[in-house]
Amino acid sequence: MSHDYTEYSAPVPDLSAAASEPKGRGGVEGVSARRPEGLSTIGLSTPAGAPRRRADEAALAEPGAVTIVVPTFNESANIRQLLHRITESVPSRLPCEVVFVDDSTDDTPEVIRDAARDCPFPVTVLHREEPVGGLGGAVVEGMKTAGSDWIVVMDGDCQHPPSLVPELVATGERSNAGLVVASRYIKGGSRAGLAGNYRVAVSRGATWLTKSLFPRRLHGISDPMSGFFAIRRSAVTADVLKPLGYKILLELAVRSRPRAVSEVPFVFEERFAGESKSSAREGFRFLRHLVGLRTASPVARMVGFGLIGATGFLPNLLGLWALTVAGLHYVPAEILANQLGVAWNFVLIEHLLFRDRRAHRRWWDRAGRFALLANADLVLRIPLIALFVHRFGMGALSATALALVTTFVVRFAGTEALVYLPRRRPRGSRTAGRAV
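A few points on the structure.

For the protein, the helix and strand inventory stands at 13 helices and nine strands. Burial statistics for the protein: of 436 residues in total, 47% are counted as buried. In the protein, once contacts between residues fewer than 6 apart in sequence are set aside, the share between residues at least 24 apart is 81%.

Here's what the structure looks like:
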C-alpha cells in the first residue's frame with residue numbers, strides 16, 4: 001500500500017536553550033522516518049521568528065522534551081484555537097512537537113496545515129485510512145511516532161487546557177513518575193465542561209465502575225476516564241495495547257501501568273466548537289472494552305465463558321418451545337434449539353472474550369469449530385453421566401452436575417486452544433515486542 005508524503009519545508013526555530021533536545025528530532029524528516037504502515041503523513045514545519053509567549057518558565061523544573069499527541073475526528077473548527085493555546089502556554093525552554101493523528105472525513109488535515117505556519121514548533125499530521133481502535137488506536141499510533149522523553153495526550157476540542165502541559169511534565173520530573181494524570185476529581189479539579197446532568201451521571205458511573213473492576217491497577221488514579229495525561233516514552237510498550245474507543249488511559253493503566261503515578265488537578269472546559277463525539281455507540285464500545293480488559297486473565301475468561309454459557313439457555317428454551325408448539329418432535333426440536341444457544345454463545349464470546357484473537361482465523365472457521373465443540377459437549381455429557389452412575393455409584397443429580405463441570409472445562413480449554421489461539425509459527429519467526 002502506497003502513501004503520499006508531503007513536506008512543507010521552512011526553517012525551524014532554534015531550541016538550543018532547551019534543557020534537552022527530543023530524541024530523533026530532526027524537524028519533519030525525523031518524524032517521517034518513524035511513520036507507521038497504513039498512515040498518510042503530512043509533515044508541517046513552521047517559519048522562524050513566529051511569536052511565542054513564555055509562560056511560567058521560572059516555575060518549571062528542568063524538563064524533558066515533550067510530544068503532544070492529539071487524536072482528531074472532524075475537529076477542523078477547533079484546530080486554530082488549540083494550536084494558538086499551545087503556542088501561548090508551552091514555554092520556549094520546553095522542546096515541543098505536536099502530532100495530530102487524524103481519522104477525519106472533513107478538511108481537518110488542511111486546516112492543520114494552514115494553522116501550523118504560525119506555530120514555533122514542528123507539527124505533524126498522520127491521517128489514518130482505517131480508524132482501527134477508534135481514538136484510542138489513534139493515540140497509540142501517535143505514541144509510536146513520538147521522539148520525545150514525554151508524551152502528553154490531549155483532545156482536539158479545547159476542553160483540555162494546554163496551559164497544564166508544562167505542569168504535567170514538571171510534576172513527572174519532580175516525582176520521578178512514569179504517568180501523570182490530569183484529574184477532575186481531586187482538589188482543584190472540576191468537571192464543569194461536561195454538558196448536562198446526563199453526561200455528568202454517565203461520567204461518574206463509568207468512573208465508579210472502572211475503579212470497582214480494577215481496584216489494584218487503578219489505585220492512585222482518581223480519574224481513569226481522563227483523556228488528558230503525560231507518560232514517559234520509556235514506560236509504554238505499544239504491542240501490549242489493544243485500544244477500543246476513546247478511553248486510552250484506562251487501557252494504559254490496566255495493561256501497561258508504570259509503577260509511579262502522580263496526579264494534577266484540572267478544570268474540564270467547555271468545547272470550543274463542534275459537537276461531542278460521545279454517543280450510545282461509543283458507550284457500548286466502552287463496555288466491550290471494559291469486559292475485554294477484565295477477562296484478560298485465564299481465570300476471569302473462564303468465569304466469563306461460564307456466565308455467557310448460562311445465558312445461552314434462554315434462546316435454547318425459547319427455540320424448543322417454538323418448535324414443539326409448531327408440532328416438531330421434542331428430540332429433533334432440542335437438537336435444533338441447541339444450535340440457537342450455540343449461535344448466541346458464539347456471538348457473545350466473539351465480541352466480549354476473544355475480540356483481540358479473531359484475526360487468527362476466518363469467521364466461518366471459528367464458527368464451525370465452536371459449533372463442533374459445543375455439540376460434542378452435548379454428546380459427551382450423556383456417556384459421562386452413565387459412567388459416573390454405573391461405574392462409580394453416584395446419584396443421577398451429582399453425576400449430572402459433575403459431568404456438566406467436566407464438559408465445561410473441556411469445552412473452555414478446547415475453545416481457547418482450537419478456535420482462538422493463533423496457529424503455531426515456524427521457529428525463528430517471532431519478533432520482539434516494539435517499545436515506544
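For the rest of this paragraph, the subject is unusual backbone geometry. With a phi close to 70°, Cys158 is a non-glycine residue in the positive phi region. With respect to the helices, strands and loops of the structure, Cys158 is situated in the loop between strand 6 (150–153) and helix 5 (165–175). For Cys158, a relative accessible area of 0% corresponds to the buried category. Unusually for a residue other than glycine, Asn176 sits at a positive phi of about 55°. Summarising the element assignment, Asn176 is placed in the loop between helix 5 and strand 7 (179–183).

When you tally the buried positions in strand 7, you get five out of five residues, the bulk of the element. Of the two faces of strand 7, the one lined by Leu179, Val181 and Ser183 and the one lined by Val180 and Ala182 are each fully buried. In the sheet, strand 7 pairs with strand 8 (residues 229–232) via three bridges, with the strands oriented antiparallel. For Val181, the partnering residue across the bridge sits in strand 8 and is Phe229. Two strands pair when backbone bridges link them, and strand 7 and strand 9 (residues 261–265) are joined in this way by five bridges, in the parallel orientation. Across the sheet, Val180 pairs through a bridge with Ser262, a residue of strand 9.

To continue, consider the packing of helix 9 (residues 298–311) against helix 11 (residues 330–353). Running from N to C, helix 9 and helix 11 point in directions that differ by 150°, and their axes come no closer than 9 Å. As far as their axial angle goes, helix 11 and helix 9 are roughly antiparallel. Note on packing geometry: the crossing formed by helix 9 with helix 11 is right-handed. For the pair formed by helix 9 and helix 11, the contact residues are Arg301, Gly304, Phe305, Ile308, Gly309 and Thr311 on the first element and Trp344, Asn345, Leu348, Ile349, Leu352 and Leu353 on the second. Considering only residue class, the contact of helix 9 with helix 11 consists of seven nonpolar, four polar and one charged.

Where helix 9 meets helix 10 (residues 313–325), the closest approach of the two axes is 4 Å, and the angle between their N-to-C directions is 20°. Overall, the two elements helix 9 and helix 10 adopt an arrangement that is roughly parallel. Counted together, Gly309, Ala310 and Thr311 of helix 9 and Phe313, Leu314 and Pro315 of helix 10 form the full contact between these two elements. A breakdown of the residues in the contact of helix 9 with helix 10 according to their chemical character gives four nonpolar, two polar and no charged.

Here we take up the side chain of Arg128. Position of Arg128 relative to the elements: it lies in strand 5 (residues 123–128). Assessed through its relative accessible area of 5%, Arg128 is described here as buried. Among the polar contacts made by the side chain of Arg128, one reaches the side chain of Asp103 at a distance of 2.8 Å.

Under the defined criterion, the tally for this structure stands at six salt bridges. Its salt-bridge partner being Asp365, residue Arg361 comes within 3.7 Å of it at the nearest N-O pair. Like Arg361, the residue Asp365 is buried in the burial classification. Sharing partners across several salt bridges, the network here consists of Arg361, Asp365 and Arg369.

Mapped onto the elements, Ile112 comes out in helix 3 (residues 108–115). Considered as a pair, Ile112 and Val123 are 11 residues apart in the sequence and their alpha carbons are 8.3 Å apart.

Most of strand 5 sits inside the fold, with five of its six residues counted as buried. Two elements, strand 4 (residues 96–102) and strand 5, share five bridges in a ladder whose sense is parallel. If you follow Asp102 over to strand 5, its bridge partner there is His127. Assessed by its sense of winding, the connection that carries the chain from strand 4 through helix 3 to strand 5 is right-handed.

Here the structure, examined in full by the defined rule, presents seven aromatic pairs. Taking the centre distance of 5.6 Å and the plane angle of 85° together, the rings of Phe228 and Phe266 count as edge-to-face. In this pair, Phe228 is assigned in the loop between helix 6 (196–213) and strand 8 and Phe266 in the loop between strand 9 and helix 8 (280–294), connecting sequence segments 38 residues apart. Its end group placed over the ring of Phe268, Arg184 keeps NZ or CZ at 5.4 Å from the ring centre.

If you look at the biggest cluster of nonpolar residues, it comprises 36 residues, and the most contacted ones within it are Ile68, Val98 and Phe100. At the level of secondary structure, the elements contributing two or more residues to this core comprise strand 3 (66–72), helix 2 (79–89), strand 4, helix 3, strand 5, strand 6, helix 5 and strand 7. Sort the elements by how many residues they give to this core and helix 2 lands first, with four residues. Setting aside residues no more than four positions away along its own chain, Val98 makes contact with Ile68, Val70, Leu83, Ile86, Phe121, Pro122, Val123 and Thr124. Counting 31 residues, the second-largest nonpolar core is a separate cluster that includes Ile151, Leu179, Ile221 and Leu290.

Simply put, the disulfide is a covalent bond whose two ends are the sulfur atoms of two cysteines. On inspection of all chains with the given rule, the structure shows zero disulfides. Lacking any disulfide linkage, Cys96 is separated from the closest cysteine sulfur, that of Cys119, by 9.1 Å. Cys96 gets classed as buried once you look at its relative accessible area, which sits at 2%.

Calculation criteria
- Residues numbered from 1 in each chain as written.
- Predicted model: local features only at pLDDT ≥ 70, side-chain atom pairs only at ≥ 80, totals over all residues.
- Heavy atoms only, no water.
- Helix = DSSP H or I, 4+ residues; strand = E, 2+ residues; numbered from the N terminus.
- Buried < 20%, exposed > 50% of the residue type's maximum accessible area, 1.4 Å probe, protein only.
- Contact = heavy atoms within 4.5 Å.
- Pairing = 2+ DSSP bridges.
- Axes fitted to C-alpha atoms, helices over the stretch in contact; angles between N-to-C directions.
- Parallel < 35°, antiparallel > 145°, perpendicular 65-115°, else oblique.
- Left-handed = near helix turned anticlockwise from the far one by under 90°.
- Nonpolar A, V, L, I, M, F, W, Y, C, P; charged D, E, K, R; others polar.
- Polar contact = N/O pair within 3.5 Å; in protein donor to acceptor, adjacent residues only side chain to side chain.
- Salt bridge = Lys/Arg side-chain N within 4 Å of Asp/Glu carboxyl O.
- Right-handed = clockwise from strand over helix to strand, strands pointing away.
- Phe/Tyr/Trp six-rings, centres within 6.5 Å; stacked < 30°, edge-to-face > 60°.
- Lys NZ or Arg CZ within 6 Å of the ring centre and 35° of its normal.
- Core = buried A, V, L, I, M, F, W, Y, C linked by side-chain atoms within 4.5 Å.
- Disulfide = S-S within 2.5 Å.

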